[in-house]
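Chain by chain, the residues run as shown.
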Amino acid sequence: MYYHASQIGDIVFIYCTKPLKRVMYKCEVVKCNMQFSECVDDRAFWIDIEEYKKSQSGMYARLKLLEQVDSNNLDLNNLKENGLTAAPQGPIKVAKKLETYLNKHFNDFYSEGFFNDVNKDEQYHEGHTITSTVNKYERSSIARMKCIEYHGSKCLICGIDFGERYGKLGEGFIHVHHLKPLHTIGQDYIVDYKKDLIPVCPNCHAMIHRIENGENMTAEEIKEVLEANF
Ligand SMILES: [Zn+2]
Ligand SMILES: [Zn+2]
C-alpha cells in the first residue's frame, strides 16, 4: 500500500470509496519505507496504467489486517458527524475524536462486558471505565469469519441453528468461543481457527464461561458436562 510518513506500529484505517463509502479495515503498519520492488505487483488491479507507473516511484508500507467490519456506523455520513471533514482522497491523519469513534465501532459488533474473561489485552479508553471483557480472539471479525466458515454456524455444543429456529432473522447468527486460556498464550501466539475457536450459541457460551472458572476445558469436555445433565 502506498503510504508516506508512516511508522511501524501505526494504526491505519482503510476507507473504501464508492459504492461502499465506509471505513472497513483496521490495519497495523508492520514495515515502512519500502520500495516498489519489495511489494506485491498489483498491476492487474490498475485501470490506468500511467497511474500504475507513477505509483512505482512512491514509498510503501506493509500493513497487517487487524479487523474487518461492515457497519453503517462507519459510513461517510457518520464519519463526517464524528470529525471527518470530507471523503478521504489519500492518506490523512486521524484526529483524536474520530480515532475514538472508529475504534469504538471496530469493537461494538460484539456486546461488551457480556462474558467475564480475564483479558490480558484489556483496553482502557478515555471516558470509559473498563471495556472489552470478551477476549480479542472472540471479538475479532476475521477470526469469527474463518471459524464459522470452517465449523459452520450451528452451536457445536447443543446443535442449535439460529436460521432453523428464527428463520431469516437468525441466519448466520452465532457466538465464537476461544478455547485457549489467555494466560497460557504467548506474545507470538496466532489463533488457530480450526482448533482454538468453536461456534457456540449465547446460552452455551454463557455456561462455558461459568464452568470454565480458570480451568482449561476442551470442546469435548464442555459437551460432556452438558450431555450429562440432559
Ligand atoms: Zn448451544
Ligand atoms: Zn467465550
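## Side note on the nonpolar core
- Judged by nonpolar contacts, the single largest core of 16 residues is most densely connected at Ala143, Cys155, Leu197, Val200 and Cys204.
- Sorting elements by how many residues they give to this core places strand 5 (residues 197-200) first, with three residues.
- Sequence-distant contacts of Val200, that is, excluding residues within four places in its chain, are made with Cys155, Leu156, Ile157, His175, His177, His205 and Ile208.
- Counting nine residues, the second-largest nonpolar core is a separate cluster that includes Val23, Leu79, Tyr101 and Leu102.

## Regarding the pairing of strand 2 (residues 22-34)
- Relative to strand 2, strand 1 (residues 11-16) runs antiparallel, the two sharing six bridges. What sits directly across from Phe13, in strand 2, is Lys26.
- Counted between consecutive antiparallel strands, the loop separating strand 1 from strand 2 contains five residues, among which Lys21 sits at a positive phi close to 50 degrees.
- Where strand 2 lies against strand 3 (residues 60-68), seven bridges are found, and the strand directions are antiparallel. Following the sheet pairing, Val29 is matched in strand 3 by Leu63.

## What about unusual backbone geometry?
- The amide bond that connects Lys18 to the next residue, Pro19, takes the cis arrangement and shows omega of 0 degrees.
- Among the secondary structure elements, Pro19 is positioned in the loop between strand 1 and strand 2.
- Located in the positive-phi region is Lys21, a residue other than glycine, with phi close to 50 degrees.
- Secondary-structure assignment places Lys21 in the loop between strand 1 and strand 2.
- Classification of Lys21 by C-beta neighbours within 10 Å gives partly exposed; the count is 14.

## Overview of the environment of Leu65
- Residue placement: Leu65 occurs in strand 3.
- Using a count of 11 C-beta atoms within 10 Å as the deciding quantity, one classes Leu65 as exposed.
- Considering only alpha carbons, one finds Leu65 and Val12, 53 residues apart in sequence, at a separation of 9.3 Å.
- Not counting chain neighbours up to four residues away, the residues in contact with Leu65 comprise Tyr25, Cys27 and Ile142.

Calculation notes
Residues numbered from 1 in each chain as written. Chains lettered and ligands numbered in written order. Predicted model: local features only at pLDDT ≥ 70, side-chain atom pairs only at ≥ 80, totals over all residues. Core = buried A, V, L, I, M, F, W, Y, C linked by C-beta atoms within 7 Å. Buried ≥ 20, exposed ≤ 12 C-beta atoms within 10 Å, placed from the backbone. Helix = DSSP H or I, 4+ residues; strand = E, 2+ residues; numbered from the N terminus. Contact = placed C-beta atoms within 7 Å. Pairing = 2+ DSSP bridges.

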